[in-house]
Amino acid sequence: MAASGSLQTRTANGQERHADTFAADGSIAAAFADQIAQGKLHHSSVLRCLLLVARPERGLLFVAAIWLFASSLCKLMLPNSMAQMISAVVRSSHGRDAVSSAEFRTHLRRFIVASSGTAIFAALRIMCSAKAEVATIARLRRLLFSTLLQQDISTFD
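Numbering of residues starts from 1 in each chain and follows the order in which that chain's sequence is written. Residue-level local features of this predicted model are given only where pLDDT is at least 70; pairs of side-chain atoms are given and counted only at 80 or more, and the full residue set underlies all totals for whole chains, interfaces and linings. To obtain the side-chain values, all non-hydrogen atoms of the structure were used and water was disregarded.

Q: Would you mind going over the overall build of the protein with me for this structure?
A: To qualify as a helix, a DSSP run of H or I must reach at least 4 residues; to qualify as a strand, a run of E must reach at least 2; elements of each kind are numbered from the N terminus. Summing up its helical and strand segments, the protein has four helices and two strands in all. Only protein chains enter the area calculation, which uses a 1.4 Å probe; residues under 20% of their type maximum are buried, those over 50% are exposed, and those in between are partly exposed. Here the protein holds 157 residues, and the buried ones make up 19% of them. A separation of at least 24 residues holds for 57% of the contacts in the protein among residues at least 6 apart in sequence. Here the protein displays about 11300 Å² of accessible surface, and carbon together with sulfur accounts for 66% of that area. Should any heavy atoms of two residues lie within 4.5 Å, those residues are counted as being in contact. Computed with a 1.4 Å probe, the accessible areas rest on the Shrake-Rupley method; for each residue, only the protein chains presented here act as cover.

Q: Just checking my understanding: could you explain helix α3 (residues 58-92) for this structure?
A: The periodicity of an α-helix, 3.6 residues per turn, causes residues three or four positions apart to be oriented the same way. Helix span is expected to be 1.5 Å times the residue number reduced by one. With 35 residues, α3 extends 51 Å between its outermost C-alpha atoms, agreeing within 8% with the 51 Å of an ideal straight helix rising 1.5 Å per residue. Taken as a whole, α3 has its buried residues at Ala-64, Ala-70, Ser-71, Cys-74, Leu-78, Ser-81, Met-85 and Ala-88.

Q: What am I meant to see in the side chain of His-107 here?
A: With respect to the helices, strands and loops of the structure, His-107 is situated in helix α4 (residues 97-150). Excluding residues that lie within four positions of it along the chain, His-107 makes contacts with Ser-81, Gln-84 and Met-85.

Q: What am I meant to see in a nonpolar patch on the surface here?
A: On the surface, a nonpolar cluster with roughly 530 Å² of combined accessible area is contributed by Leu-144, Phe-145, Leu-148, Ile-153 and Phe-156. Relative to the helices and strands, Phe-156 resides in the segment after α4. Patch building starts from residues that exceed 30% relative accessible area and form no salt bridge, then joins like charges within 9 Å and nonpolar side chains (Val, Leu, Ile, Met, Phe, Trp, Tyr) within 5 Å. Here, a salt bridge means any Lys or Arg side-chain nitrogen found within 4 Å of an Asp or Glu carboxyl oxygen.

Q: Teacher, can you tell me more about the side chain of Thr-136 here?
A: The topology assignment puts Thr-136 in helix α4. Here Thr-136 is in contact with Val-53, Ala-54 and Glu-57, once residues within four sequence places are set aside.

Q: Before we go on, may I ask you to explain the environment of Ala-114 in this structure?
A: For Ala-114, the position within the fold is in helix α4. Those residues in contact with Ala-114 that sit more than four places away from it in its chain are Cys-74, Met-77 and Leu-78.

Q: Hey, could you run me through the environment of Glu-57 in this one?
A: Locating Glu-57 in the fold gives a position in the loop between α2 (43-54) and α3. Residues Glu-57 and Cys-128, 71 residues apart in the sequence, show an inter-C-alpha distance of 9.6 Å. The contact partners of Glu-57, leaving out residues within four places of it in the chain, are Ala-132, Ala-135, Thr-136 and Arg-139.

Q: It is not clear to me how the environment of Arg-109 should be interpreted in this structure. Could you clarify?
A: Take Arg-109: it is sitting in helix α4. Note: C-alpha distance between Arg-109 and Ser-81 (28 residues apart in sequence) is 9.0 Å.

Q: Looking at this structure, I do not really get the confidence of the model for the protein. What am I missing?
A: Do not read the predicted coordinates in detail wherever pLDDT is low. As a per-residue quantity, pLDDT reports the predictor's confidence and falls between 0 and 100. The pLDDT averaged across the protein works out to 78; a share of 69% of its residues lies at or above 70. Averaged pLDDT values for the elements of the protein fall to 40 in strand β2 (residues 16-19) and rise to 92 in α3. Segment residues 1-22 is flagged for pLDDT under 50; beyond a separation of four residues in sequence, or across chains, it makes 23 contacts in the model.

Structure (structure tokens):
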């Protein structure tokens, strides 16, 4: 059982990892407070603060970016395979059946592999980014509610 104020998660190899989430949230809150006190809370500052909140999930976001790249590469292969299949069908209509049929099957296999790769890599990207999104939103909510609890009650009148 994890101690109060810490989050217990499991890593890929099954080892337990403990992170003091409230201390991390406190440092993020301090960064927000510094930005607000300096009057520098504009577009780029908000993005920087959001990146601070998402920092613990940067590994997961990096893996999601890799899956995005792999999915995009597979998606780029699709039009070429489709064009080669159409070309093989057109050639087979002109009498070269055996060669065109074998060519069609080869490009059909490539098309199926590329389509499957696109789907699998996209699913992995969505899974990684969704996990990072859920954790980041939970951290942002904790940060918001802890900041609200620290406010003087007269602020809300």
